[in-house]
Amino acid sequence: MQITRPRGTNDFLPEITAKWQEVEALLRCLCREYGYGEIRTPLFEDTELFSRGVGETTDIVQKEMYTFADHGGRSMTLRPENTASACRAYIENKLYGGVQPVKLYYLGPMFRYEKPQAGRFRQFHQFGLELFGSAAPAADAEVISFAWDLYHRLHIKGLQLKINSVGCPACRPAYKTALQDYFRPYLGELCATCRDRFERNPLRIFDCKSEICRRIGAEAPLLLDSLCPECGEHFTAVQELLTTAAIPFELNPRLVRGLDYYTKTAFEIEVAGIGAQSALCGGGRYDGLIEEIGGTPTPAVGFALGMERIFAALAAQNDDIETTGCLDVYIISGMDKRLKQAAFALACRLRGSGISVEMELGDKSFKAQMKAADRLQAAWTVIFGANEFAAGQAAVRNMASGEQIELPIEDIRGYLMQH
RNA sequence: GUGGAUGUGGCGAAGCGGUUAACGCACCGGAUUGUGGCUCCGGCACCCGAGGGUUCGAUCCCCUUCAUCCACCCCA
């Protein structure tokens, strides 16, 4: 039986990774502009970090984690997201002791045991920001503008920024009760999953796609209408900042994030055309998370984006990332051992000068080597033949023009450097 | 976890219960014993996803399984 890659994972080949590197370079460039420094946390953590941080009731914790016992009997989990780890690191490394806010970014693989489909994988890659230690609305706006800025620089069109406020411990519980009071009479009419959601997380009933639940939910009270003064003012301030920054947004009172740790601002940026998983990124404020996992109460905002979805969006819009990777020189040589050795030595010397060089490692025919040079789109070929070599020379051929000159071997490097 | 579609050589793609599984592209070699992009010639599937079964006989029929894609759920 042929061994294949695990379900929901990908082999990214050079043609693809070249594009990833371009996007990653842009991300790092933006991080420099916005003042975020990279953090790299372990790919696996104590299981409890996620069950507490992400939330026991979430789908991620209940059925999507790659959990295993290590040889010491500790329960470990492959990270399903990076925010909990970043918070843990913030506490563990006492980053609260320095200048606030602390602004971090991460980029790397995450793991969730889900059934793959368009835009969803078991190992996928997220880039994300975490801004610790500021409760200011401007912090929320900065994080949102980063995401907005990024997609614009990638020329992704048709973006929809949706924002909402999911309240805080001061206003959400009362709202939850009010919501349950509203839905209780209709309990029998709701779909099976929503009946389940009714107890666990009634907010999510708004997310239901079933006709009946939608209709019933349409009349339900909105959290936006019952935010406490603090959350209300905060949300208004965030909207004002977005407006002054000319970032168009859409208020979506039904936007509910799937992770338990969100408070106040929640946002999402979507595009059409990449399948059912249309969110390019999602994030918001999580003022309670650091305390939840053992730190002192610290306000924080952040967001995460899916790398794969960036490429899905670009593909859907027939756009692509430009990469440069043309070959400078292909060295051709005859079969003779001394010719091969001279060719190899020249390859080493040229590479040391920053010139990209390919050569036939085995013993393909002259014609086959020429063909290979053509196919690799080499700008130049250097040809080691017996006659020239006897005179200490080799032929240098410009592949585009077909012009060819003979040069002393020691002069080739200088000649190529000038052209 | 549930549902739908698909699974033929590196890629795309015919095919039919029956002796040697089309074709195109790619790849390799040759036509010029030292020179590319064109042309011509030749080579390239003993496993037709895997395992069973039906049949005189199955790539084509049945069952199972695996994988891929898409959707639900949920999310990046």
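Our subject in this report is the structure included herewith.

Analysis parameters
- Residues numbered from 1 in each chain as written.
- Chains lettered and ligands numbered in written order.
- Predicted model: local features only at pLDDT ≥ 70, side-chain atom pairs only at ≥ 80, totals over all residues.
- Heavy atoms only, no water.
- Helix = DSSP H or I, 4+ residues; strand = E, 2+ residues; numbered from the N terminus.
- Buried < 20%, exposed > 50% of the residue type's maximum accessible area, 1.4 Å probe, protein only.
- Pairing = 2+ DSSP bridges.
- Contact = heavy atoms within 4.5 Å.
- Axes fitted to C-alpha atoms, helices over the stretch in contact; angles between N-to-C directions.
- Phe/Tyr/Trp six-rings, centres within 6.5 Å; stacked < 30°, edge-to-face > 60°.
- Lys NZ or Arg CZ within 6 Å of the ring centre and 35° of its normal.

**Here we look at unusual backbone geometry**
Step number 1: Note that the residue after Q100, namely P101, is joined by a cis bond; omega there is -5°.
Step number 2: Looking at the secondary structure, you find P101 in the loop between α4 (83–92) and β5 (102–111).
Step number 3: A positive phi angle is found at K94, which is not glycine, with a value near 55°.
Step number 4: Looking at the secondary structure, you find K94 in the loop between α4 and β5.
Step number 5: For K94, a relative accessible area of 54% corresponds to the exposed category.

**Notes on the sheet that holds strand β9 (residues 263–270)**
Step number 1: Across the sheet, which stays open at both edges, the 8 strands sit in the order β1-β5-β6-β11-β10-β9-β7-β8 with mixed pairing between neighbours. Bordering the open sheet on either side are β1 (37–38) and β8 (250–251), each of which pairs with just one other strand.
Step number 2: Pairing of strand β7 (residues 160–165) with β8 involves 2 bridges; the strand directions are parallel. When the sheet's bridge partners are listed, I163 is paired in β8 with L251.
Step number 3: Packed on one face of the sheet, α4 meets β5 and β6 (123–132) and runs near 40° to β6.
Step number 4: Relative to the sheet, helix α5 (residues 137–153) contacts β5, β6, β7, β9, β10 (279–285) and β11 (300–306), its axis offset from that of β11 by approximately 20°.

**A word on the packing of aromatic side chains**
Step number 1: On inspection of all chains with the given rule, the structure shows 17 aromatic pairs.
Step number 2: With centroids separated by 5.3 Å and ring planes inclined at 15°, the aromatic side chains of W20 and F311 adopt a geometry described as stacked. In this pair, W20 is assigned in helix α1 (residues 14–34) and F311 in helix α11 (residues 307–316), connecting sequence segments 291 residues apart.
Step number 3: For W20, a relative accessible area of 8% puts it in the buried group.
Step number 4: Among the residues examined, F311 registers a relative accessible area of 15% and is labelled buried.
Step number 5: The rings of Y34, Y36, Y105, F127, F146, F267 and F303 are connected pair by pair, giving a single aromatic cluster.
Step number 6: Above the face of the Y113 ring, R122 is positioned so that its terminal group lies 3.9 Å from the ring centre.

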